[in-house]
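These are the residues of each chain, in order.
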Amino acid sequence: MSDPKSAGSSSSDGIRAVARLTRQVEKALGTVELTLPQFRVLSTLEDGSNASSVLAQRLAVSAPSVTAVVDGLVTRGYVEREADPDDRRRLTLRLTRAGESALRAADTAMLERFDRVAAHLDDPATATDALGALAVWNTALDRFFEARSAAKQ
């Protein structure tokens, strides 16, 4: 599967569709005044508070990149920094109610955008199947990063 020449046109089309879908996600997020990196941070924090270093690892980006995004989210009131109860020197990041609302608005905007695109398919069930396939990739990504993290430790 990793050899593009043997994978065939449909695999390449699928990979290219991911890039095109990313642009649709960015457009939808723009309607709620969020960037893709901001959305990624908010959606990761939805699973619970984290230190910046843990967040950077989960998002597969550098700590300074996370800090820059988080600074903007803190300014907007979407994220709070709190002292870790187990280690007062360490700060954890927590999603605020405003951040939860922004995340819900982003999810809604993206679903509406994808529904508008999917309306051009001949069979509505195809769109449901496609979204389900993306959820499978989400699980694969979670497991991939968990395995990578475990290998580093």
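Residues numbered from 1 in each chain as written. Predicted model: local features only at pLDDT ≥ 70, side-chain atom pairs only at ≥ 80, totals over all residues. Heavy atoms only, no water.

### Section: the side chain of threonine 96
Position of threonine 96 relative to the elements: it lies in the loop between strand 2 (87–95) and helix 6 (97–118). With relative accessibility at 8%, the residue threonine 96 sits in the buried group. (Helix = DSSP H or I, 4+ residues; strand = E, 2+ residues; numbered from the N terminus. Buried < 20%, exposed > 50% of the residue type's maximum accessible area, 1.4 Å probe, protein only.)

### Thoughts on the nonpolar core
Formed by 25 residues in total, the largest nonpolar core has its most connected members in Val41, Leu42, Leu55, Leu73 and Val79. Sorting the residues of this core by element identifies helix 2 (9–30), helix 3 (36–45), helix 4 (52–59), helix 5 (63–75), strand 2 and helix 6 as the ones contributing at least two each. The element that contributes the greatest number of residues to this core is helix 6, accounting for 6 residues. For valine 41, the residues in contact, after removing those within four places along its chain, are Leu55, Leu59, Val69, Val70 and Leu73. (Core = buried A, V, L, I, M, F, W, Y, C linked by side-chain atoms within 4.5 Å. Contact = heavy atoms within 4.5 Å.)

### Looking at the pairing of strand 2
As paired strands, strand 1 (residues 79–84) and strand 2 are joined by 6 bridges and run antiparallel to one another. Residue pairing in the sheet places glutamate 82 in a bridge with threonine 92 of strand 2. Taking the residues that link successive antiparallel strands as the turn, the strand 1-strand 2 hairpin has 2 residues. (Pairing = 2+ DSSP bridges.)

### Let's talk about the confidence of the model for the chain
When pLDDT drops low, the exact placement of atoms in the prediction is not to be read closely. Across the chain, the average pLDDT comes to 87, with 93% of residues at or above 70. Confidence scores differ between elements of the chain, with helix 1 (residues 4–7) showing the lowest mean pLDDT of 49 and helix 6 the highest of 95. (pLDDT = per-residue confidence, 0-100.)

### Comments concerning the environment of glutamate 33
Here glutamate 33 lies in the loop between helix 2 and helix 3. For glutamate 33, a relative accessible area of 60% corresponds to the exposed category. The spatial distance from the C-alpha of glutamate 33 to the C-alpha of arginine 23 is 15 Å, given a sequence separation of 10 residues. Dropping the residues within four chain positions of it, glutamate 33 is found in contact with Gln38 and Arg76.

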